[in-house]
Amino acid sequence: MREKPFAYSLPLGAGKPSVWDNHIMRRLSSMKGQYLDQMVYETMLSSEDTLLYEVYEIKRPEAAGELLQGISIIHPGKVGDEYFMTKGHFHQVLDTGEVYYCLSGQGMIVMETPEGEAEVLEFRPGQVVYVLPRWAHRTVNTSLADDLVFYFAYPANAGHDYGTIEQKGFRKLVVERDGRPTVIDNPRWKQA
Ligand code: PAN
Ligand code: ZN
């Protein structure tokens, strides 16, 4: 791990950072139960375990005060009417926020609190979204042609709680309606 201040570059546009330590690849099989149209999901999965998104992480010690950074690349596509998206999570240390900066593509960030507030913000190149502490977050690629590429930075001790979203889903979904990304209430959202 780097022990002196360091610099690196993020291409403005699609591409990887100039340095990274971890390359995470998430495929369709890791999204079980997350897409509304489960029949389409199963049919797609039986023919190919498609790569949905990739994360390039720059490792830091999981200590308070450290910031974990990297970029995520969500590829274009849909499962039924829903766009390719990240799993989404709460931070395990709930009181930790996150900065997202869009480098390329177009998308939306779906967020909610444990108390039930929900917010969906558009995400375009050059825009920053600040995810407040306590807010779960998922990123959706609303283009069917291009990758959505964004930079993130968050406290390295935050950890990830994926289980809550895996069980309940998000309250809001982004689906294609009349060729446009549209936010709807999740009909399968479950009360704890
Ligand atoms: C991001 C996400 C990344 C992938 O770095 O981890 O975009 O999304 P999932 O972790 O939901 O699969 C972040 O929010 N980190 O905390
Ligand atoms: Zn996060």
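It should be noted that the structure appears before, not after, this text.
It should be emphasised that the depicted structure is a prediction, and the values quoted were computed from it without experimental measurement. (Residues numbered from 1 in each chain as written. Chains lettered and ligands numbered in written order. Predicted model: local features only at pLDDT ≥ 70, side-chain atom pairs only at ≥ 80, totals over all residues. Heavy atoms only, no water.)

(A) Examining the packing of aromatic side chains more closely. Under the defined criterion, the tally for this structure stands at 7 aromatic pairs. Between the aromatic rings of Tyr100 and Phe123, the centroid separation amounts to 6.3 Å while the plane-to-plane angle is 45 degrees, which identifies the pairing as tilted. In this pair, Tyr100 is assigned in strand β7 (residues 98-104) and Phe123 in strand β9 (residues 118-123), connecting sequence segments 23 residues apart. Overall, Phe123 belongs to the buried group, its relative accessible area being 0%. A cation over a ring is seen here: Arg2 above Phe6, with NZ or CZ 5.2 Å from the ring centre. The ring of Tyr162 carries the charged tip of Arg26 above its face, separated from the ring centre by 5.2 Å. (Phe/Tyr/Trp six-rings, centres within 6.5 Å; stacked < 30°, edge-to-face > 60°. Helix = DSSP H or I, 4+ residues; strand = E, 2+ residues; numbered from the N terminus. Buried < 20%, exposed > 50% of the residue type's maximum accessible area, 1.4 Å probe, protein only. Lys NZ or Arg CZ within 6 Å of the ring centre and 35° of its normal.)

(B) Spotlight on the coordination of the zinc ion (ligand 2). The protein atoms that coordinate the zinc ion (ligand 2) are His89 (NE2), His91 (NE2), Glu98 (OE) and His137 (NE2), at distances of 2.1 to 2.3 Å. Here the donor residues for the zinc ion (ligand 2) map to a single chain with the spacing H-x1-H-x6-E-x38-H. On the criterion of sequence distance, the pair formed by Glu98 in strand β7 and His137 in strand β11 (residues 136-141) is long-range, its members being 39 residues apart. The class of Glu98 is buried, set by a relative accessible area of 3%. (Donors = N, O, S within 2.8 Å, 3.2 Å for Na, K, Ca; no water.)

(C) Structural view of the environment of Ser143. Checked against the element boundaries, Ser143 lands in the loop between β11 and β12 (148-155). In the structure, Ser143 is positioned 36 residues away from Gly107 in sequence and 7.0 Å away in space, judged by C-alpha atoms. Once residues within four sequence positions are removed from consideration, Ser143 is found in contact with Pro76, Gly77 and Gln106. Reaching out from Ser143, the side chain makes a polar contact with the backbone nitrogen of Ala145 at a distance of 2.9 Å. (Contact = heavy atoms within 4.5 Å. Polar contact = N/O pair within 3.5 Å; in protein donor to acceptor, adjacent residues only side chain to side chain.)

(D) Local environment of the side chain of Thr139. Within the secondary structure layout, Thr139 lies in strand β11. With near-sequence residues (within four places) excluded, Thr139 lies in contact with Ile74, Met85, Thr86, Tyr100, Met108, Ile109, Phe123, Leu148 and Phe150.

(E) How the structure looks around the site of ligand 1. Around ligand 1, a shell composed of 17 residues is seen, among which Tyr53, Gly88, Tyr100, His160 and Tyr162 lie nearest. At a separation of 2.5 Å, an oxygen atom of ligand 1 approaches a polar side-chain atom of Tyr53. Interatomic distance of 2.8 Å between a side-chain N/O atom of Ser72 and an oxygen atom of ligand 1. Protein coverage of the free-state accessible area of ligand 1, which is 390 Å², stands at 97%. Elements represented by at least two residues in the shell around ligand 1 include exactly β2 (51-58), β7 and β12. No other element matches β12, which puts 3 residues into the shell around ligand 1. Of the residues that constitute the shell around ligand 1, the class distribution is 7 nonpolar, 7 polar and 3 charged. (Near = heavy atom within 4 Å. Areas by Shrake-Rupley, 256 points an atom, 1.4 Å probe, with all protein chains shown as cover. Nonpolar A, V, L, I, M, F, W, Y, C, P; charged D, E, K, R; others polar.)

(F) Structural detail: the side chain of Ser104. Position of Ser104 among the secondary structure elements: in strand β7. On the basis of relative accessible area, Ser104 is assigned to the buried category, the value being 16%.

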